[in-house]
Amino acid sequence: MKAIRRLTVRPVLPEALHPLSDLARNLRWSWHAETRDLFRSVDPGRWAACGGDPVRLLGSVPAGRLTELTRDSGFLSRLAEARDDLREYMSGDRWYQTQTSDLPAAIAYFSPEFGITAALPQYSGGLGILAGDHLKAASDLGAPLIGVGLLYRHGYFRQSLSREGWQQEHYPVLDPNELAVVPLSEDDGTPAQVSLALPGGRALRARVWLAQVGRVPLLMLDSDVEENGPGERGVTDRLYGGGSEHRLLQEMLLGIGGVRAVRTYCRLTGHPQPEVFHTNEGHAGFLGLERIAELTDQGLDFASALEAVRAGTVFTTHTPVPAGIDRFDREVVARHFGADAELPRIDVDRVLALGMETYPGGEPGLFNMAVMGLRLGQRANGVSLLHGQVSREMFSGLWPGFDPDEVPITSVTNGVHAPTWVAPEVFRLGARQVGERRTEDALTVGGSDRWDAVAEIADQEIWDLRRVLREQLVSEVRDRLRASWRQRGAGTAELGWIDGVLDPDVLTIGFARRVPSYKRLTLMLRDRDRLADLLLHPERPVQIVVAGKAHPADDGGKRLIQELVRFADDHRVRHRIVFLPDYGMAMAQKLYPGCDIWLNNPLRPLEACGTSGMKAALNGCLNLSVLDGWWDEWFQPDFGWAIPTADGTATDDDRRDELEAAALYDLLERRVAPRFYERGQEGLPDRWIEMVRRTLTHLGPKVLAGRMVREYVERLYAPAAQAHRALTPQAARELAVWKARVRAAWPGVTVDHVEASSATTTAELGTTLSLRVRVGLGDLAPDDVEVQAVAGRVDGDDRIADAARVPLKPANSPDLEGRWVYEGPLSLDRTGPFGYTVRILPSHRLLASGAEMGLVVVPVEEPSEAAGVLMR
């Protein structure tokens, strides 16, 4: 019989065991091995059955076992140590508190998904895992973040396979009362809520849940409340589900409702209000509109409020392709704002202008969330050096007249939270070498360029560790494969072959990620006979573990999975290649350490960063990857291998796949497998072990989320907080008025004449030219602009590369025609073809960069105004 109602019965812990509840409700346990070991000792069997979830464990332990634990002095001693350790972790000074610079009092970090732990399944892939690692690293560093997301009642889908290998989706219901979250409550005990106005007088209400991620509070909004109608209750039903309007409501709730949740949390707890708002991808972009509305309620006009909001906003883009950006029909957006809906104090046309694709090739009928993010954030970044370059080119239409390298989008390369992803065996090896505290500091705070202590670890220890991890993976794979085949309908009698799947002494390759077409799951199948020869080689065999989910609406991705599964089902190779369904954090934490090679073969440059290879590297796994994302930035032959690419415009997709697959096979046959199986005098693969050692020594410190968050603090959060403080209401009005005046006057700005002290076409290195430039400033004054000489090497089309920019100074008062003369020296500091030009930019002490307004005047073109950067 089916229950008509479901409720959660919470256990009553004996007083002596009360600290267990506090430990379970703080998600630090997910990366703190001692706390997990403590929970495991409560009941090892139930711990395994609960998937390592302390909340579920405490809800299922019999009362008799709890009574036993109250009499176990050893357990109570460990419990007290864990309680005291958590208290010290939560209250003690950490890296952030030791910094001398004036850092933000608080930072709000918004993301549509957070991958903290498999026990809180609110993530789908890399974006969410990155967001989870960001919060954990911020906690370890003591950075005062407040995380903001949504609580999805179904999370992302669970994946299984049909007998024919077709992906099937399942959406289990998640009860917040069974998760490591607590309701945020008002002082009178009622649940804290936020509300958004909807068209037609309706409202979207959401309860606020709190997940404690170490020191960082994570606020999660849940629309499944009784006060909502059926449609509104379903807004937070599932991650990345539903149609366009459903997605828009999710993003309005995340951005607008998220700001309101932060204000409520700070009011109730006394937490400092954020000085910086960081939106992780464009999904939360509406947060800027809510903050503008707050300031207009305080008396600022829209333009001034926009400047104040931009100053304290950081926007991170994660997509290298326009198709990956959320875009909504303008009419749908318009219907949800204005007098009859949300933010009635703001004119709808101003809202729509923020997301308009007003650049060449843009679609004026669409509202672009990334474009809004860039217009509402004074600071923006991509997530790897290459992705920053790709982003500057992709969004350069917003800054016409500027070369892509001047587009104000920087980059902070992603990192991964080592305590989450490093296998306990790897941590223990480091702790034996330098001590537990130093190992923990190295993995969290980071700061060193090298981990030299790894050089002292004996080859035999490294090789023994690698085999232990591989053996654990083999066991995990067999268990998961057996469960998968039973779901596919196989009987026990059919599955005896699984006991021989994989071999702990065979070179093991891992490939696990989402399955959009550009990641090329099936590139390895391009020449199936050649792949089979690699798998079945009599002396140097390889084995491959594959996992990944296709989006439920992506039938193309599902076909790729089915193609891979059908190959892996072939009885001739099924002991050497497997596909594991339902890829998630729990699987990943076993997969990364157990592989010898981490394979990555996306279409370059469509990988924004990719962090799975980083997690593998921290466990001594070598990377075999296309030079894309972070691998393009940090690849060295010591760390693995680069797959050559054929990404010239003259190569069609099919030919490109053929060439790159052939390069992959060649590397495996001629370089990777021979090195793994090659043995030195001691019977060990000396050269392979040395690559593992160098990966850990030199690459390990680079890939840490601690390094990433420190960069965000120093390069983005601190400057944003300083800009936020500088933009007082008076300063914001001043800046808004100044920008309006400059835009209005800009058509009258001209470069009339440029002359140099030498008119020859050749000069010696070290020569200094004296430039003299006559300009017209119209209604502007010299204090409103900067006149620059831009010089550097030139290509065959006379385009300046690697440019140096030299400010020129006014030589005197304006002449009778109102023209100004600017002068300055220009040093010829490089040989070869050299060129220069002159340009005029707006200049103000409160601008973050000269390109911010998208206005520039040069001598050879008409004045260039950034029509695509309205409201900058």
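Residues numbered from 1 in each chain as written. Predicted model: local features only at pLDDT ≥ 70, side-chain atom pairs only at ≥ 80, totals over all residues. Heavy atoms only, no water.

Remarks on the packing of helix α10 (residues 287-297) against helix α11 (residues 302-311)
- Here α10 crosses α11 at 125°, and the two axes come no closer than 9 Å. Between α10 and α11, the angle falls in the class oblique. The chirality of how α10 crosses α11 is right-handed. Residues Gly288, Arg291, Ile292, Leu295 and Thr296 of α10 lie in contact with α11, whose contacting residues are Phe302, Ala305, Leu306, Ala308 and Val309.
- Class assignment of the residues belonging to the contact of α10 with α11 gives a composition of 7 nonpolar, 2 polar and 1 charged. (Axes fitted to C-alpha atoms, helices over the stretch in contact; angles between N-to-C directions. Helix = DSSP H or I, 4+ residues; strand = E, 2+ residues; numbered from the N terminus. Parallel < 35°, antiparallel > 145°, perpendicular 65-115°, else oblique. Left-handed = near helix turned anticlockwise from the far one by under 90°. Contact = heavy atoms within 4.5 Å. Nonpolar A, V, L, I, M, F, W, Y, C, P; charged D, E, K, R; others polar.)

Section: the sheet that holds strand β22 (residues 768-776)
- Spatial strand order, β21-β22-β26-β25: 4 strands in an open sheet with antiparallel pairing. Only two strands of the sheet have a single partner each, and these edge strands are β21 (750-756) and β25 (809-810).
- Pairing analysis gives 9 bridges linking β22 to strand β26 (residues 819-827), with the strands arranged antiparallel. Each bridged residue has a counterpart across the sheet, and for Val773 the counterpart in β26 is Tyr822. (Pairing = 2+ DSSP bridges.)

So, α10
- In terms of burial, α10 is largely enclosed, as 8 of its 11 residues are buried.
- Burial in α10 covers these residues: Leu287, Gly288, Leu289, Glu290, Arg291, Ile292, Ala293 and Glu294. (Buried < 20%, exposed > 50% of the residue type's maximum accessible area, 1.4 Å probe, protein only.)

Digging into the pairing of β26
- With 2 bridges connecting them, β25 and β26 associate as antiparallel partners. Residue pairing for β26: Lys809 is matched across the bridge by Glu823.

Examining the side chain of Thr117
- Mapped onto the secondary structure, Thr117 falls in the loop between β1 (107-110) and α7 (126-141).
- Other than its neighbours up to four places away in sequence, Thr117 contacts Leu27, Trp29, Ser30, Tyr123 and Met585.

Section: the pattern of salt bridges
- The final tally for this structure, using the stated rule, is 71 salt bridges.
- A salt bridge links Glu563 to Arg528; the nearest nitrogen and oxygen atoms lie 2.9 Å apart. Placement of the pair is Glu563 in helix α21 (residues 555-569) and Arg528 in helix α20 (residues 528-535), with a sequence separation of 35 residues.
- A relative accessible area of 31% places Glu563 in the partly exposed class.
- Ionic pairing is found between Asp666 and Arg530, a salt bridge with its closest N-O pair at 2.3 Å. Separated by 136 residues along the polypeptide, Asp666 in helix α25 (residues 653-677) and Arg530 in helix α20 bring together distant segments of the chain.
- Asp666 gets classed as partly exposed once you look at its relative accessible area, which sits at 24%.
- Several salt bridges share partner residues, and in doing so they unite Asp459, Asp638, Glu690, Arg693 and Arg694 into one network. (Salt bridge = Lys/Arg side-chain N within 4 Å of Asp/Glu carboxyl O.)

So, the side chain of His417
- Position of His417 relative to the elements: it lies in the loop between β14 (410-411) and α16 (418-421).
- Of the residues examined, His417 reaches a relative accessible area of 2% and is grouped as buried.
- Among the polar contacts listed, one links the side chain of His417 to the side chain of Asp140, at a separation of 2.7 Å.
- Filtering out sequence-adjacent residues up to four positions away, His417 remains in contact with Trp31, Asp133, Lys136, Ala137, Asp140 and Ala705. (Polar contact = N/O pair within 3.5 Å; in protein donor to acceptor, adjacent residues only side chain to side chain.)

Regarding the sheet that holds strand β23 (residues 785-794)
- Strand order in the open sheet formed by 3 strands is β24-β23-β27, and the pairing between neighbours is antiparallel. Of all strands in the sheet, those bounded by a partner on one side alone are β24 (800-807) and β27 (834-842). Within this sheet the neighbouring strands show an average axis-to-axis angle of 30°, counted without direction.
- Here β23 pairs with β27 via 9 bridges, running antiparallel. Residue Ala791 lies in a different strand from β27, and its bridge partner there is Tyr836.

Let's talk about the nonpolar core
- Formed by 107 residues in total, the largest nonpolar core has its most connected members in Leu507, Met524, Ile597, Leu624, Trp641 and Trp688.
- Among the elements that line this core, the one with the most residues is α25, at 10 residues.
- When residues no more than four places from it in sequence are discounted, the contact partners of Met524 are Phe511, Leu531, Ile544, Val546, Leu564, Ile577, Leu599 and Tyr665. (Core = buried A, V, L, I, M, F, W, Y, C linked by side-chain atoms within 4.5 Å.)

Notes on α25
- For α25, with 25 residues, the first-to-last C-alpha span of 34 Å sits near the 36 Å given by 1.5 Å per residue.
- Maximal helix bending in α25 amounts to about 40°, located at Leu668.
- The N-cap of α25, judged by a side-chain oxygen 3.1 Å from the amide nitrogen of Asp654 a few residues on, is Asp652. (Expected span 1.5 Å × (residues − 1). Bend = angle between axes of the 7 residues up to and from the residue.)

Quick notes on the packing of helix α19 (residues 459-487) against helix α26 (residues 686-699)
- At a minimum axis distance of 10 Å, the contact between α19 and α26 shows a crossing angle of 85°. In terms of orientation, α19 and α26 fall into the roughly perpendicular class. Facing Asp459, Ile462 and Trp463 of α19, the residues of α26 in contact are Asp686, Trp688, Ile689, Val692 and Arg693.
- Here the contact of α19 with α26 is built from residues that sort into 5 nonpolar, no polar and 3 charged.

Focus: unusual backbone geometry
- The omega angle of the peptide bond from Arg604 to Pro605 is 0°, so this bond is cis rather than trans.
- Mapping Pro605 onto the fold places it in the loop between β18 (597-600) and α23 (612-617).
- Look at Glu281: it is not a glycine, yet its phi comes out positive at around 75°.
- Among the secondary structure elements, Glu281 is positioned in the loop between β9 (276-280) and α10.
- The backbone of Asp802 sits at a positive phi, close to 50°, despite the residue not being glycine.
- Within the secondary structure layout, Asp802 lies in strand β24.

A closer look at the pairing of strand β15 (residues 507-512)
- Counting buried positions over the 6 residues of β15 gives 6, a clear majority of the element.
- Burial along β15 is two-sided: Leu507, Ile509 and Phe511 facing one way and Thr508, Gly510 and Ala512 facing the other are all buried.
- Relative to strand β16 (residues 542-547), β15 is paired through 6 bridges, and the arrangement is parallel. Counterpart to Phe511 in the pairing with β16 is Val546.
- With respect to chirality, the unit in which β15 leads through α20 into the neighbouring parallel β16 is right-handed.
- As defined by bridge partners, β15 adjoins β18 across 2 bridges and the pair is classed as parallel. Of the residues in β18, the one forming a bridge with Gly510 is Trp598. (Right-handed = clockwise from strand over helix to strand, strands pointing away.)

A closer look at the packing of aromatic side chains
- For the structure on display, the rule yields 19 aromatic pairs.
- Look at Trp485 and Trp497: their rings are 6.0 Å apart centre to centre, the planes differ by 85°, and that puts the pair in the edge-to-face class. Placement of Trp485 in helix α19 and of Trp497 in the loop between α19 and β15 is noted, with a sequence separation of 12 residues between them. The exposure classification of Trp485 matches that of Trp497, with both residues buried.
- Among the aromatic residues, those joined into a ring-pair cluster are Trp463, Trp641, Phe676, Tyr677 and Trp688. (Phe/Tyr/Trp six-rings, centres within 6.5 Å; stacked < 30°, edge-to-face > 60°.)

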